[in-house]
Amino acid sequence: MEDSKLQKLHETLKALAPKGKVGGLGFYAKAGHRSRRSAADGMPEDKRALYSFFVRAGDGPSGHTHFADDGDKKLKKKKKKKTKTKAPPPPSSDESSSSSSEDEDEAPPPPPPKKATPRPAGQVRRGVERRLDDRARAVAARRASDAVRETTVPDDASLRAWLDELLVGASSNKSTAPNAEFATAQKSERRRRCAAVWRSESLVEARKNVVEEVAANRLVLRPELDVRCDQVLRAHVLGLFASIEAPWLKAALDAALPLRGDGSLKAQLADHLFGDAETAFARDEDNRGKNGKDGGVYGKQLGEELRKRCVAHVFALLHFLDAARLSDALPQHSRLFSASRKVVIEADQGPSQVTSTQQLARAFGRDCLAGEGDILPHLERLGIDLKFIQTPLHDYDWRVRDFGRDLRDGVRLARAVDVAAHNDKLESDVCAKLRVPAASRLPKLHNVSAVIEALQALGAIPDQSRAALGDWARAVVDGRPLLRTRDLVAALAARFSGAARTVDAGRLRREVGRLGGAQAWAGDSTKASRAQDAADAITIDETGTDESRARTSLTQWAAAVAAGCHCQGLDADGRCAPGFVRAAVQLYHPALSCDTDEAAVSMLGGVSLDVYAACLDPSSSPPERVAWAFAARLAHRLLASRDALQAATKLGAFARATSARKKRPAPPQKRAASPTVLVFANTPPAPRQRKVLAPRNEVVAPKAAAQKPAVAFDVTPGAIPPPKPPATVRFAA
């Protein structure tokens, strides 16, 4: 009974045993592995057979597992790559056959590293020179491909000047009358804006509340401070206002004192805050005692009045500066506080740069006012809410010196869009979307993309795909091709400046006079008369603005061209009629063959279709200024290219005429001198003939040294040398 049970258990365990290659417990012992011991080591012999049924086949000290039977699942296995080693040579017959397995597993020593043979110096030098030449050629090719510049694209100088006037202001050069008139006009415009801010309802109400608060002694200076003689107080208050830029301080004094003179800015500010003029009047000997019992320069009545006036004027100026900067009253001066003037803002800290009007108000209230901690809540109750905070964007240098370098970050372009839009009373706040400082490529791409989207929203750029706008932004950031940056500035100028900046009205009039002659139409007097009649039908108002005169001159020129070419010219909004552009291009450049207006503009060059494509599309309606700017750009390009072509033709003809050298006759060949030379008696011999005629055995006398000529006033005998005797010459018989 027991034997049958053991037999069944043995068969069951055998069925449950893992399939695979059978190794058993004694498999690795025969191979000679001694590094690891099996788990069955030390077991009795009768239990090892039973234990082998519960161990996977091949599980042993080497760690390898083999599964290859059909009944088992195929598991993924990871094998490490082993370096192949050369098999050792077979052992000789005299060696013992009982060599250990450890000796067989040892790898032979690695071969010694090969020493690199040095190359010849000439070969190394030639390789370096070849690599340098390849690099130089690649750089030259890249620069040649990047330098995409057109000499006739509307003048970098004019566009840069327009940007400078828009961002910085009029040029300081007042040598010419137009510059002086433009600067005066800008100054008047600045004063008008500042006066509007000063007279605004909110500022007037706030000033009234401050005066009432000061009169009720709820906002007063400390009792120990006297504005007439306290130099520490005067220096502290003047130092606070010295941190403000001079243009803004001048604007504030112009608004507060409309009739102020041209004296020193510091003296006028001190007079406005401390009443120095009244103090000087009371200090005069002839005016002593005129202010009553407590009068005089140090009278109590005058002191109280000046103390109250100082507080009211300080807060009135701070409130105006904050409101004027928030309303951008001086578009060309974005920085309110100076970067070099530092003020003690906190009592326990050193001097630092002022960045907000709240800091100035806190400093004045802490050091000068009585019973005040933080003055800002008190001022808010009176209607003075100081909000302006100067950011790094306000410290930017806005002057444009190079298109390819200064406009890559998009900051100046964004500021130009905002200023130009505000001048036309349009809403634009591109600067609020900027990422500054733009030190890497991603912030620059974001800024330029924001500028392009703003111009597209304002109608300066026609609608384009997002991919096209992205390519345009990348071209502006990279600075190549530079033509794309010019196009962006030209679109901005066209939208906000019109035709007066692009074309000269006087030049257009001279061109209209030329079109009235038969020579402009290849001798056809009929076309010339039609062109002249069409131009005479349009009159120019000389009393109008520059823009109106430029537009009228453009209309007159377009009418003359259209009458001679049998087509329509410009309409009242400056739009070109279909076919006018093609006719004008063929008139000025007959060699250019084009079928459409777009092809004519492309072949003419200098006028970007990315900016002015809407002006050639009858279904679109671009802004009026953009249409006039396109007509002006087209006229400017046609006249400039015609003049350049004529100048090149004349220079080429002149070069051909002057560079062709006339063939000079060849000089006669020199014959060898013969020993006998016949000289006629009446012909004096030449110097070379004298040497030939002289006998060979006769020594030629050396030339006498040149003597100094006698002095003009020396008339003594022997002072003038005697004349030289004639040379002896032997004549042939």
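Attention in this report is confined to the structure presented alongside it.

Calculation notes
Residues numbered from 1 in each chain as written. Predicted model: local features only at pLDDT ≥ 70, side-chain atom pairs only at ≥ 80, totals over all residues. Heavy atoms only, no water. Helix = DSSP H or I, 4+ residues; strand = E, 2+ residues; numbered from the N terminus. Buried < 20%, exposed > 50% of the residue type's maximum accessible area, 1.4 Å probe, protein only. Contact = heavy atoms within 4.5 Å. Areas by Shrake-Rupley, 256 points an atom, 1.4 Å probe, with all protein chains shown as cover. Axes fitted to C-alpha atoms, helices over the stretch in contact; angles between N-to-C directions. Left-handed = near helix turned anticlockwise from the far one by under 90°. Expected span 1.5 Å × (residues − 1). Patch = residues over 30% accessible without salt bridge, like charges linked within 9 Å, V, L, I, M, F, W, Y side chains within 5 Å. Salt bridge = Lys/Arg side-chain N within 4 Å of Asp/Glu carboxyl O. Lys, Arg positive; Asp, Glu negative; His and termini not counted. Charge placed at Lys NZ, Arg CZ, Asp CG, Glu CD. Polar contact = N/O pair within 3.5 Å; in protein donor to acceptor, adjacent residues only side chain to side chain. Phe/Tyr/Trp six-rings, centres within 6.5 Å; stacked < 30°, edge-to-face > 60°. Lys NZ or Arg CZ within 6 Å of the ring centre and 35° of its normal.

Some words on the overall build of the protein
For step 1, the next point in the chain: Looking only at helices and strands, one finds 28 helices and 2 strands in the protein.
For step 2, the next point in the chain: Within the protein, the proportion of its 733 residues that are buried is 36%.
For step 3, the next point in the chain: Pairs at least 24 apart in sequence give 65% of the contacts found in the protein among residues at least 6 apart.
For step 4, the next point in the chain: Of the accessible surface of the protein, which amounts to about 46,900 Å², a share of 54% is contributed by carbon and sulfur atoms.

Here's the deal with the packing of helix α18 (residues 441–458) against helix α20 (residues 482–497)
For step 1, the next point in the chain: Two numbers describe how α18 lies on α20: the axes approach to 11 Å, and their chain directions differ by 30°. Crossing of α18 against α20: the hand is left-handed. Between α18 and α20, the contacting residues are I452, L455 and L458 on the first element and L488, L492, R495 and F496 on the second.

Concerning helix α17 (residues 411–423)
For step 1, the next point in the chain: The terminal C-alpha atoms of α17, which comprises 13 residues, lie 18 Å apart, in line with the 18 Å expected from a rise of 1.5 Å per residue.
For step 2, the next point in the chain: Most of α17 is tucked away: 11 of the 13 residues are buried.
For step 3, the next point in the chain: Turning to α17, its buried residues are V411, R412, L413, A414, R415, A416, V417, D418, V419, A420 and A421.

Description of a positive patch on the surface
For step 1, the next point in the chain: A cluster of basic residues, R119, R125, R126, R130, R131 and R135, forms a positive patch at the surface.
For step 2, the next point in the chain: Among the structural elements, R135 can be located in helix α5 (residues 121–146).

Details of the environment of H589
For step 1, the next point in the chain: For H589, the location among the structural elements is in the loop between α24 (580–588) and α25 (597–604).
For step 2, the next point in the chain: For the pair H589 and L645, spaced 56 residues apart in sequence, the C-alpha to C-alpha distance is 9.5 Å.
For step 3, the next point in the chain: Here S641 takes part through its side chain, which lies 2.7 Å from a polar atom of the side chain of H589.

Focus: unusual backbone geometry
Backbone phi values are negative for most residues with the exception of glycine, while trans is the configuration of most peptide bonds.
For step 1, the next point in the chain: V436 connects to P437 through a cis peptide bond whose omega is -5°.
For step 2, the next point in the chain: Tracing the backbone shows P437 in the loop between α17 and α18.
For step 3, the next point in the chain: Here the phi dihedral of N217 falls at roughly 60°; this positive angle occurs in a residue that is not glycine.

Some thoughts on helix α10 (residues 246–256)
For step 1, the next point in the chain: The element α10 is largely enclosed, with a buried count of 8 among its 11 residues.
For step 2, the next point in the chain: Buried residues of α10: W248, L249, A251, A252, L253, D254, A255 and A256, and no others.

Some remarks on a nonpolar patch on the surface
For step 1, the next point in the chain: On the surface, a nonpolar cluster with roughly 210 Å² of combined accessible area is contributed by V124, V128 and L132.
For step 2, the next point in the chain: Looking at where V124 falls in the secondary structure, it is placed in helix α5.

Regarding the packing of aromatic side chains
For step 1, the next point in the chain: For the structure shown, the criterion picks out 5 aromatic pairs.
For step 2, the next point in the chain: Look at W557 and F580: their rings are 6.1 Å apart centre to centre, the planes differ by 85°, and that puts the pair in the edge-to-face class. Pair noted here: W557 is in helix α23 (residues 546–565) and F580 is in helix α24, with a separation of 23 residues, a long-range link. Across the pair, F580 and W557 agree in class, each one buried.
For step 3, the next point in the chain: The interplanar angle of 40° and the centroid separation of 6.5 Å between the aromatic rings of W557 and Y588 together place this pair among those described as tilted. Of this pair, W557 sits in helix α23 while Y588 sits in helix α24; the two residues are 31 residues apart in sequence, bridging distant segments of the chain.
For step 4, the next point in the chain: The exposure class of W557 is buried, given its relative accessible area of 1%.
For step 5, the next point in the chain: The exposure class of Y588 is buried, given its relative accessible area of 7%.
For step 6, the next point in the chain: Each residue in the set W557, F580 and Y588 is aromatic and connected to the rest through ring pairs, giving one cluster.
For step 7, the next point in the chain: Taking NZ or CZ as reference, R207 lies 4.0 Å from the ring centre of W198, over its face.
For step 8, the next point in the chain: The cationic tip of R484 hangs over the ring face of W472; the distance from NZ or CZ to the ring centre is 4.7 Å.

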